[in-house]
Amino acid sequence: MMAGAGGGNDFQWCFSQVKGAVDEDVAEADIISTVEFNYSGELLATGDKGGRVVIFQREQESKNRLLSRGEYNVYSTFQSHEPEFDYLKSLEIEEKINKIRWLPQQNAAHFLLSANDKTIKLWKISERDKRADGYNLKDEDGRLRDPFRITTLRVPVLMPMDLMVEASPRRIFANAHTYHINSISVNSDYETYLSADDLRINLWHLEITDRSFNIVDIKPANMEELTEVITAAECHPHQCNVFVYSSSKGTIRLCDMRAAALCDRHSKFFEEPEDPSSRSFFSEIISSISDVKFSHSGRYMMTRDYLSVKVWDLNMENRPVETYQVHEYLRSKLCSLYENDCIFDKFECCWNGSDSAIMTGSYNNFFRMFDRNTRRDITLEASRENSKPRAILKPRKVCTGGKRKKDEISVDSLDFNKKILHTAWHPKENVIAVAATNNLYIFQDKMN
Amino acid sequence: MEYKVEAHRIMSISLGKIYNSRVQRGGIKLHKNLLVSLVLRSARQVYLSEYYSGACLNAQNEREGNEWDITDSEREKFPPSATECDRVESTEEPQQSEQSEKGRDYRENDDEVKSDQADSTSTLQQEQNQNSSLDSVAKVSSETPPETSNEPKESPSDSAVAESDSTPEANGESHQPPKTQRKRSAEESESGDSPQKRTKVASSNAEESEEAEEMDTSNVSNLITIFGSSFSGLLSKDGAKPEAEDSGQICCDQMLKNLNPWSTAIVAF
C-alpha cells in the first residue's frame, strides 16, 4: 500500500507528528539510532546515541478526532546504557543503542531488549496507577511504628494515583561479544533470542544471563584471512529453528539449528552473481548488506545494500525475486561518498504489515517506498516544512541529469548529512515512523 | 594516468580512514576497516598495474610479445594507453634522483632486490635494460618480498620473511606479501591526511634518511602492499589480536628512533 501521486483509490501519506528538538544544532547524543514498533503497534520505541530509550504510546482513539488516528505520546524515558570503559583493551564502549526489539506481551507489563555494542539488557516497562494507603505497621512516611502503639487492625487500601511508568532492567546479558553487536532478534519461541556481532552469533535464553550458546563463528584461525563479517541476523518469524545472517560480501546464509550445535555450515546460501560491468573500486563496499528482514509471512526476506533493496524467496538461492533501486543516481558519486564516509552508512528496511510494500531511507531526509504488487515507488521527504497537521506529503524526485524540472532536486544539491537510516512500519496499520537525525516523524495514511 | 592518480588518491584517503578509526570513540570498527582495506587493495592493484603497463609498453617498443601479464580483469577495467605509459616513465625520472638520495639501507635493499630477483626476473631485466631506474623502481614497488627481506634485521621478531610467495609475479600484482611482515609494518605504517597526499610514514626500508613528507611512490606501494592485502595490522588495538601487538611493540620501538616527528606522531598510538 503506497501513496500515489493522486487519483483513484490510491491513498496518500500525511504528516501526523514530529518528535524532537527543532534546533539546528543537533547534539550527537540525541541522534536516533533505532526505531521499533511493538507487536500491537501501540508502543513505539526509539533509542539514541546517548544510550536513552524513549517509548511512545498511542492514545486511545477518541470519538472526537475522526480525521486522524491516535497520536503517539511519550510514555516512558529511561537511560538504558551508559558509556563504559574496557580497561583490558583500553577501549571505550559507546552507549549508543544499536537495536531495540520488543518481546510479545504476556502480561500487563511490556518487555524489550536493547543492545549497545557489547551488552544487551532486558527492560520491563510497567505501569503503576495505584498505591497502597493505610498500612497497619508503617507510618505515612514509611517508618515502622512502635508495635506497642498499634491498637487497632487496619488493612491497606489501594488508592488511585497519577500514572507512573517505571522501567527496570530485569536482565543484563553481558560479556559475550568481543566485537560490536549489530543485531538482536527474538525467536518465535519467545524464550530465546540471538545476538550477532561482526564475527559471531550467540543464542540466549531470556532467563539466563550467565551463559549463551555460540551458534555461528566465522572468525578465521588467522585474522589475516578475514574476508567478510556478519552484518545482520534475524530469527525466522515462525520457525524457531531457522535464522539468517547477512555478510559484508552481499551474501545471506540461512541456518537450521537442528542440524548442528554450531551452525557454521549453512542450509541455504543466497547470493546474486555480480554484474561485471559495474565493477569499480567500491563494488565490494556497496554490495555489503546493511539489513536483513524476514517478511511477516516468513516466505520472503529482504536485504538492503547501499544502492538497492532486494526481496528474496527463501526457496530460491541464486538470485532475488525483486530488486528495487533506492538511489541509483549515487552510483557515479561513489568516490565522493567514500571520502565523506557516507558509503558506510547502514540503511535499514522494513515491510508493511501485509508484506505488500517495503520502505527504506535515503539522503536529504528522503525515504522510499516500493509497492510489490503495482511495482510503483515513491519518494517522500521528512521535513519540518511539510509538518502541518494532516498535510499530504508530496512525492519528491531527484533529477539525475539534463534539465532539472521544477520541484526536482539535483543530485548535487542533496544534503548527505540528512540521512534516514531507521524507519519502522506499524504492524497492522499504515502508520510509519521515520527517524531523521534527532527527529522522529510519524506519518499515516489519509483517512477519507 | 588518471587511473593512477585516482588510485593513488583513494589509497591516501583509505589510509587516512584507517588511521582515524583508531582514535574514534568506541574502538575499531571491524566491518568498516575491512571494507576500507578492500578498497585499498583494489586501488593498489590498479596503481601498481600502471607501473607495469608503463614498463610493458616500454618493452614493447623493443620487442614483440608481452611478458607482462596484467590480469584480464585489470586490463578491462583500466586499459593502459600509450600516453599514460609515457607519463609514467617520465615521472620515474625525478623519482630516480630522489632515490639516489636515499640512505644506505634503501640502496642495499635495491641491490638485494636485484640479486634476489636474479633468477626469477631475468626476463624482466632483459626487457628493461634500457631503463634501469624504472627497473629498480618497479621492482621495489611491486615486489614486496625482497624488500621485506630486509626487515628482519630491524625486527628480529619477524623472521619468517621470504615465504614461498617471494616469487615475484610478472603480472604486477604482488598480492601475496609475507603475512608476518604485514603485522608489524601495518602498525607502524600509517599515512597522514589526504591534504598531505605525498606524506607517508616511511616504511622500514627508507626510514634512515628519508623524510616522511618526501613522497616516494614506490614506498607508498610498499606500504600498501604490506598493508593492503591483509587485515591483521588493523587489529593490533583490538583484543582479538594480541599477538600482533607484541611483535609490533618491539618493531615500533626500533622504528620510533628513526622516524621523524611526523611519522612518530602517527605511530605513537
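Remember, predicted model here, so these are calculated numbers, not experimental data.

**Section: the overall build of chain B**
- Helix and strand counts for chain B come out as twelve helices and zero strands.
- Along chain B, from the amino end to the carboxyl end, the secondary structure elements read α-α-α-α-α-α-α-α-α-α-α-α.
- Put simply, of all contacts in chain B between residues at least 6 apart along the chain, 76% involve residues at least 24 apart.
- Here chain B displays about 9800 Å² of accessible surface, and carbon together with sulfur accounts for 48% of that area.

**Structural notes on the overall build of chain A**
- Of the regular secondary structure elements, chain A holds two helices and 32 strands.
- By the compact-globule yardstick of 22 Å for 448 residues, chain A fits well, its C-alpha radius of gyration being 24 Å.
- Once the C-alpha set of chain A is aligned to its principal axes, its extents read approximately 90 × 60 × 40 Å.
- When each of the 448 residues of chain A is scored for burial, the buried share is 52%.
- A separation of at least 24 residues holds for 54% of the contacts in chain A among residues at least 6 apart in sequence.
- One way to put it: in chain A the 59 positive side-chain charges average out to a point 4 Å from where the 67 negative ones average out.

**Thoughts on the packing of aromatic side chains**
Residues and elements named next belong to chain A.
- Scanning the model with the defined rule gives 19 aromatic pairs over all chains in all.
- Each ring, one from Tyr306 and one from Phe347, has its centre 6.2 Å from the other, and the planes form 50 degrees; the classification is tilted. On the criterion of sequence distance, the pair formed by Tyr306 in the loop between strand 21 (300–304) and strand 22 (308–313) and Phe347 in the loop between helix 2 (334–339) and strand 24 (349–351) is long-range, its members being 41 residues apart. With respect to class, Tyr306 is no different from Phe347; both count as buried.
- Ring geometry for Phe367 against Phe443: centres 5.5 Å apart, planes inclined by 25 degrees, an arrangement best described as stacked. With Phe367 in strand 26 (residues 366–371) and Phe443 in strand 32 (residues 439–445), this pair connects stretches of sequence that are 76 residues apart.

**With respect to the nonpolar core**
- Phe282, Tyr306, Leu330, Tyr338 and Ile343 of chain A are the most contacted members of the largest nonpolar core, which has 41 residues in total.
- Breaking this core down by element, the ones donating at least two residues are helix 1 (283–287) and helix 2 of chain A together with helix 1 (2–23) and helix 2 (30–62) of chain B.
- Here this core gets eleven residues from one element, more than from any other, and that element is helix 2 of chain B.
- The residues contacting Tyr306 of chain A, other than those within four sequence positions of it, are Ile286, Ser288, His327, Leu330, Leu334, Leu337, Cys342, Ile343, Asp345, Phe347 and Tyr363 of chain A.

**Digging into the side chain of Asn38 of chain A**
Residues and elements named next belong to chain A.
- Within the secondary structure, Asn38 sits in the loop between strand 2 (32–37) and strand 3 (43–48).
- One polar contact links the side chain of Asn38 to the main-chain amide nitrogen of Gly41, over a distance of 2.8 Å.
- Filtering out sequence-adjacent residues up to four positions away, Asn38 remains in contact with Leu43, Trp102, His110 and Pro427.

**Remarks on the sheet that holds strand 17 (residues 242–247) of chain A**
All names here are of chain A.
- The strand order across the open sheet formed by four strands is 16-17-18-19, and the pairing between neighbours is antiparallel. Whereas interior strands pair on both sides, the edge strands pair on one side only; in this sheet they are strand 16 (230–235) and strand 19 (268–270). Pairs of neighbouring strands in the sheet enclose a mean axial angle of 20 degrees, with direction left out of account.
- Pairing of strand 16 with strand 17, which is carried by five bridges, proceeds in the antiparallel orientation. The partner of Glu234 across the bridge, within strand 17, is Val244.

**Some remarks on the sheet that holds strand 4 (residues 52–58) of chain A**
All names here are of chain A.
- Pairing is antiparallel in the open sheet, where four strands are placed in the order 2-3-4-5. Strand pairing shows two members of the sheet lacking a second neighbour, strand 2 and strand 5 (72–79), which therefore form its edges. The sheet shows a mean angle of 20 degrees between the axes of neighbouring strands, taken without regard to direction.
- Relative to strand 4, strand 3 runs antiparallel, the two being bridged by five bridges. Considered in strand 4, the bridge of Leu44 is made with Phe56.

**A look at the pairing of strand 2 of chain A**
Residues and elements named next belong to chain A.
- By the criterion of burial, strand 2 is predominantly enclosed, with six of the six residues buried.
- Looking at chain direction, strand 2 and strand 3 are connected through five bridges and run antiparallel. Paired with Thr34 across the bridge in strand 3 is Gly47.
- Between strand 2 and strand 3, which pair antiparallel in sequence order, lie five residues; one of them, Gly41, sits at a positive phi of approximately 85 degrees.

**Remarks on unusual backbone geometry**
Residues and elements named next belong to chain A.
- Positive phi values are uncommon outside glycine, yet Asn365 reaches one of about 60 degrees.
- A positive phi angle is found at Arg390, which is not glycine, with a value near 60 degrees.
- When you line up the elements, Arg390 lands in the loop between strand 27 (377–381) and strand 28 (397–399).

**A short note on the environment of Phe213 of chain A**
Residues and elements named next belong to chain A.
- With respect to the helices and strands, the residue Phe213 is situated in strand 15 (residues 208–217).
- Spatially, the C-alpha atoms of Phe213 and Leu194 are 9.2 Å apart, while their sequence positions differ by 19 residues.
- Sequence-distant contacts of Phe213, that is, excluding residues within four places in its chain, are made with Ile201, Asn202 and Leu203.

**What about the confidence of the model for chain B?**
Residue and element names in this part refer to chain B.
- Averaged over chain B, the pLDDT score is 50; the fraction of residues at 70 or greater is 20%.
- For chain B, per-element mean pLDDT is lowest for helix 12 (residues 261–268), which scores 36, and highest for helix 1, which scores 89.
- The model gives residues 65–269 a pLDDT under 50, and that stretch makes 396 contacts with residues more than four places away or in other chains.
- Interface predicted TM-score (ipTM) for the complex: 0.89; the corresponding pTM is 0.71.

**Concerning the pattern of salt bridges**
- A full pass over the atoms with the stated rule returns 35 salt bridges over all chains.
- In this structure, Glu36 of chain A and Arg101 of chain A form a salt bridge, with 3.0 Å as the shortest nitrogen-oxygen distance. With Glu36 of chain A in strand 2 and Arg101 of chain A in strand 8 (residues 99–102), this pair connects stretches of sequence that are 65 residues apart. Residues Glu36 of chain A and Arg101 of chain A agree in their burial class; the two are buried.
- In this structure, the salt-bridge partner of Lys17 of chain B is Asp341 of chain A, at a minimum N-O distance of 2.6 Å. One end of the pair, Lys17 of chain B, is in helix 1; the other, Asp341 of chain A, is in the loop between helix 2 and strand 24, on a second chain.
- Since its relative accessible area comes to 25%, Asp341 of chain A is described here as partly exposed.
- One salt-bridge network, in which partners are shared between bridges, spans Asp30, Asp48 and Arg52 of chain A.

**A look at the pairing of strand 22 of chain A**
Residues and elements named next belong to chain A.
- Taken across its six residues, strand 22 has six buried, putting it largely inside the fold.
- The two faces of strand 22 match: Ser308, Lys310 and Trp312 on one face and Val309, Val311 and Asp313 on the other face are all buried.
- By the bridge criterion, five bridges tie strand 21 to strand 22 in an arrangement that is antiparallel. Looking at strand 22, one finds that Thr303 is bridged to Lys310.
- Counted between consecutive antiparallel strands, the loop separating strand 21 from strand 22 contains three residues.

**Concerning the side chain of Asp86 of chain A**
All names here are of chain A.
- Tracing the sequence through the fold places Asp86 in strand 6 (residues 84–86).
- There is no salt bridge for the buried Asp86, and the closest opposite charge comes from Lys89, which lies 4.2 Å off by N-O distance.
- Leaving out residues up to four positions away in the same chain, Asp86 has contacts with Leu91 and Ile93.

Each value, and the rule that gives it
Residues numbered from 1 in each chain as written. Chains lettered and ligands numbered in written order. Predicted model: local features only at pLDDT ≥ 70, side-chain atom pairs only at ≥ 80, totals over all residues. Heavy atoms only, no water. Helix = DSSP H or I, 4+ residues; strand = E, 2+ residues; numbered from the N terminus. Contact = heavy atoms within 4.5 Å. Areas by Shrake-Rupley, 256 points an atom, 1.4 Å probe, with all protein chains shown as cover. Rg over C-alpha atoms; globule rule 2.2 N^0.38 Å. Buried < 20%, exposed > 50% of the residue type's maximum accessible area, 1.4 Å probe, protein only. Lys, Arg positive; Asp, Glu negative; His and termini not counted. Charge placed at Lys NZ, Arg CZ, Asp CG, Glu CD. Phe/Tyr/Trp six-rings, centres within 6.5 Å; stacked < 30°, edge-to-face > 60°. Core = buried A, V, L, I, M, F, W, Y, C linked by side-chain atoms within 4.5 Å. Polar contact = N/O pair within 3.5 Å; in protein donor to acceptor, adjacent residues only side chain to side chain. Pairing = 2+ DSSP bridges. Axes fitted to C-alpha atoms, helices over the stretch in contact; angles between N-to-C directions. pLDDT = per-residue confidence, 0-100. Salt bridge = Lys/Arg side-chain N within 4 Å of Asp/Glu carboxyl O.

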